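What follows is each chain in one-letter form.
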Amino acid sequence: MGTPASYTTRDCWTAWDLRAVIPRGPEARQPRAGWRRRLKRRLRTAMLGPRGPLFFPMAHFILFVFTASTIFHLQQRLAKIQRMWEFQTLESVMGENATSHPPRGMWTINAVGRLGNQMGQYATLYALAKVNGRPAFIPAQMHSMLAPIFRITLPVLHSATARRISWWTYHLNDWMEEQYRHIPGEYVRLTGYPCSWTFYHHLHDEIVQEFTLHDHVREEAQNFLRGLQVNGNRPGTFVGVHVRRGDYVHIMPNMWKGVVADRRYLEQALDWFRARYSSPIFVVSSNGMAWCWQNIDASRGDVVFAGNGIESSPAKDFALLTQCNHTIMTIGTFGIWAAYLAGGETIYLANYTLPDSPFLKIFKPEAAFLPEWIGIDADLSPLLNH
């Protein structure tokens, strides 16, 4: 089928065949009359063609425009989705970094004194490191003291590691102060003899968990208590009694202008519980058991001298006291911790130094004894007479 006379090869030019209307070669530098008019005519011919709308070259053009538009919109949509995905990924990474990066530095504390002292140092380190956002490590000697008795969780700082660190020593008083919430430094060694509820009582449940007895230690104490009787009957209430003697018998009057508990104080404390509880039994532990046998009246059948008084092996005595319902204590951190962990009601020796005692410069009774504990004043007459 031949080509119609009205349809020539030049009519096949599309809107993009500008050579027919725009000057080329040397003529390009000279204006060509009417070229804009011819361009409009060619565009109109390409849009409609001699055979009507949607001529074959125009179909290609529309397909191109449709394809380009689709690709453009898809790219815009994909870019938006990618930005959302990148933002969510960033949030996820930031969240992981906030929890996965451990706090920097290392805090520890001096390990001095016997069981009660080191329990106070452990609890204080635990609390202050947490409030300051630092990791806590205990000395190896503290671990050796506490780990055989309690289920402590703080990691051990071995001596070889400790020697390689340049520590900043920070001394603590025996009571909490606001400045302790903002202790600077990444490598800090706390010092002192802190044993005050003001440091850690807000973490009571965690501290009690740290000082949970090992099963065999607890079971030995409970087996002993289950075998006790009051005049042939099972006791209604168990009251632990800790009597601190030892070196304090001489240190208190000679250095601190103070006294230790006497016979009268213990009688008052035992009678306080006898008046409030049915069939109580008093489980006595002391580092001066001979004095207790002579000065605590056991004629009623409700007193048992249970402790062995061995200071180098305190687990048995301490476990017995903490497994009782209530506590009578005299002075010292051993009794304070026994009462704190036992819970219940506590009677303590109050005002056992003269008002001008240097002991009161390093010890605040209100920071040592919980507000709900009940104090019975000591007899200071031996000091006044002397």
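Every chain is numbered independently, its residues counted from 1 as its sequence is written. Totals for whole chains, interfaces and linings use every residue, but because this is a predicted model, local features are given only for residues with pLDDT of at least 70 and side-chain atom pairs only at 80 or more, for both listing and counting. Note that water and hydrogens are dropped before the side-chain values are worked out from all heavy atoms of the structure.

**Comments concerning the overall build of the chain**
- In this description a helix means any DSSP run of H or I spanning at least four residues, a strand means any run of E spanning at least two, and both kinds are numbered starting from the N terminus. What the chain contains, in helices and strands, is 15 helices and 11 strands.
- Burial classes: relative accessible area under 20% of the type maximum marks a residue as buried, over 50% as exposed, and values in between as partly exposed (1.4 Å probe, protein chains only). Expressed as a percentage of its 386 residues, the buried residues of the chain come to 41%.
- Whether two residues are in contact is decided by their heavy atoms: any pair within 4.5 Å suffices. Taking contacts inside the chain between residues at least 6 apart in sequence as the whole, the part at least 24 apart equals 67%.
- By element, 56% of the accessible surface of the chain is carried by carbon and sulfur atoms, the whole surface being about 22,100 Å². Accessibility throughout is a Shrake-Rupley quantity obtained with a 1.4 Å probe, and a residue counts as covered only by protein chains that appear here.

**Points about the pattern of salt bridges**
- We count a salt bridge whenever a side-chain nitrogen from Lys or Arg sits within 4 Å of a carboxyl oxygen from Asp or Glu. Tallied over the full model, the rule gives 11 salt bridges.
- One salt bridge in this structure joins Glu 186 and Arg 104, with 3.7 Å as the shortest N-O distance. Residue Glu 186 is located in the loop between β4 (168–171) and β5 (187–191), and its partner Arg 104 is located in the loop between α2 (56–100) and β1 (106–109); the two are separated by 82 residues in the primary sequence.
- Assessed through its relative accessible area of 27%, Glu 186 is described here as partly exposed.
- Residues joined by salt bridges that share partners form a network here, namely Arg 114, Arg 244 and Asp 247.

**Digging into the sheet that holds β5**
- Strand pairing requires that DSSP identify at least two bridges connecting the strands. Strand order in the open sheet formed by three strands is β1-β5-β4, and the pairing between neighbours is parallel. Only two strands of the sheet have a single neighbouring strand rather than two, namely β1 and β4. Each adjacent strand pair in this sheet contributes to an overall mean axis angle of 25°, direction not counted.
- This element, helix α3 (residues 115–131), spans β1 and β5 of the sheet and lies at about 155° to β1. Interaxial angle, 0 to 180 degrees, is taken between N-to-C directions of lines fitted to C-alpha atoms, where a helix line uses only the stretch in contact.

**Concerning the pairing of strand β6 (residues 237–243)**
- Counting buried residues in β6 gives seven out of seven residues, a clear majority hidden from the surface.
- As judged from the seven bridges shared by β6 and strand β7 (residues 280–286), these two strands associate in the parallel manner. Within β7, the position partnered with His 242 by the bridge is Ser 285.
- Pairing geometry for β6 and strand β9 (residues 326–329), over four bridges, is parallel. The partner of Val 241 across the bridge, within β9, is Ile 328.

**Notes on the nonpolar core**
- If you look at the biggest cluster of nonpolar residues, it comprises 96 residues, and the most contacted ones within it are Phe 150, Phe 211, Ile 328, Trp 337 and Tyr 352.
- The dominant element in this core, judged by the number of residues it contributes, is α3, at nine residues.
- Excluding residues within four positions of it along the chain, Phe 211 makes contact with Met 119, Tyr 122, Ala 123, Leu 146, Phe 150, Ile 152, Trp 337 and Leu 341.
- Among buried residues, the Ala, Val, Leu, Ile, Met, Phe, Trp, Tyr and Cys ones that are joined through side-chain atoms within 4.5 Å form a nonpolar core. Ranked by size, the runner-up nonpolar core spans five residues in total, among them Met 106, Leu 157, Ala 162 and Ile 165.

**Section: unusual backbone geometry**
- The residue Asn 231 is not glycine, and still its phi comes out positive at about 50°.
- A relative accessible area of 60% places Asn 231 in the exposed class.
- Notably, Lys 257 is not glycine yet its phi reads approximately 55°, a positive angle.
- Mapped onto the fold, Lys 257 is located in the loop between α9 (248–255) and α10 (263–274).

**Notes on the packing of aromatic side chains**
- Only Phe, Tyr and Trp rings take part, Trp by its six-membered ring, and two of them pair if their centres are within 6.5 Å. Stacked means planes under 30 degrees apart, edge-to-face means over 60, and tilted covers everything else. Following the criterion strictly, the structure yields 20 aromatic pairs and no others.
- Taking the centre distance of 6.0 Å and the plane angle of 80° together, the rings of Tyr 170 and Tyr 180 count as edge-to-face. One end of the pair, Tyr 170, is in strand β4; the other, Tyr 180, is in the loop between β4 and β5, and 10 residues separate them in sequence.
- Judged by relative accessible area, Tyr 170 falls into the buried class, the value being 13%.
- Each residue in the set Tyr 122, Phe 150, Tyr 200, Phe 211, Phe 318, Phe 334, Trp 337 and Tyr 340 is aromatic and connected to the rest through ring pairs, giving one cluster.
- Put simply, a charge is over a ring when the Lys NZ or the Arg CZ is close to the ring centre, within 6 Å, and near the line of the ring normal, within 35 degrees. Against the face of Trp 175 rests Lys 364, its NZ or CZ located 4.4 Å from the ring centre.

**Quick look at α3**
- Every helix has an expected span of 1.5 Å times one less than the residues it contains. Taking 1.5 Å as the rise per residue, α3 with 17 residues should run 24 Å; its terminal C-alpha atoms sit 25 Å apart, in good agreement.
- Following α3 by one or two positions, Gly 133 has its phi on the positive side, about 70°.

**Thoughts on helix α12 (residues 315–322)**
- Within α12, six of the eight residues are buried, which leaves the element mostly enclosed by the surrounding structure.
- All of the buried residues along α12 are Asp 317, Phe 318, Ala 319, Leu 320, Leu 321 and Thr 322.

**Describing the packing of α12 against helix α13 (residues 333–342)**
- Packing of α12 against α13 leaves a shortest axis separation of 8 Å and a crossing angle of 40°. As the angle between them shows, α12 and α13 are arranged oblique. Here α12 runs over α13; the crossing is right-handed. Taking contact as the criterion, the partners of Asp 317, Phe 318, Leu 321 and Thr 322 in α12 are, on α13, Phe 334, Trp 337, Ala 338, Leu 341 and Ala 342.
- Put simply, Ala, Val, Leu, Ile, Met, Phe, Trp, Tyr, Cys and Pro go in the nonpolar bin, Asp, Glu, Lys and Arg in the charged bin, and everything else, Gly too, in the polar bin. Tallied by class, residues from the contact of α12 with α13 come to seven nonpolar, one polar and one charged. By definition in this entry, angles of less than 35 degrees are roughly parallel, angles greater than 145 are roughly antiparallel, angles of 65 to 115 are roughly perpendicular, and the rest are oblique. The hand of a helix crossing depends on one turn: near helix anticlockwise from the far one by less than a right angle means left-handed, and clockwise means right-handed.

**Describing the packing of α3 against α13**
- Axis separation between α3 and α13 bottoms out at 7 Å; the angle between their running directions is 60°. With respect to each other, α3 and α13 are oriented oblique. Relative to α13, the crossing made by α3 is left-handed. Taken together, the residues of α13 that come into contact with α3 (itself represented by Leu 115, Gly 116, Asn 117, Met 119, Gly 120 and Ala 123) are Thr 333, Phe 334, Trp 337 and Leu 341.

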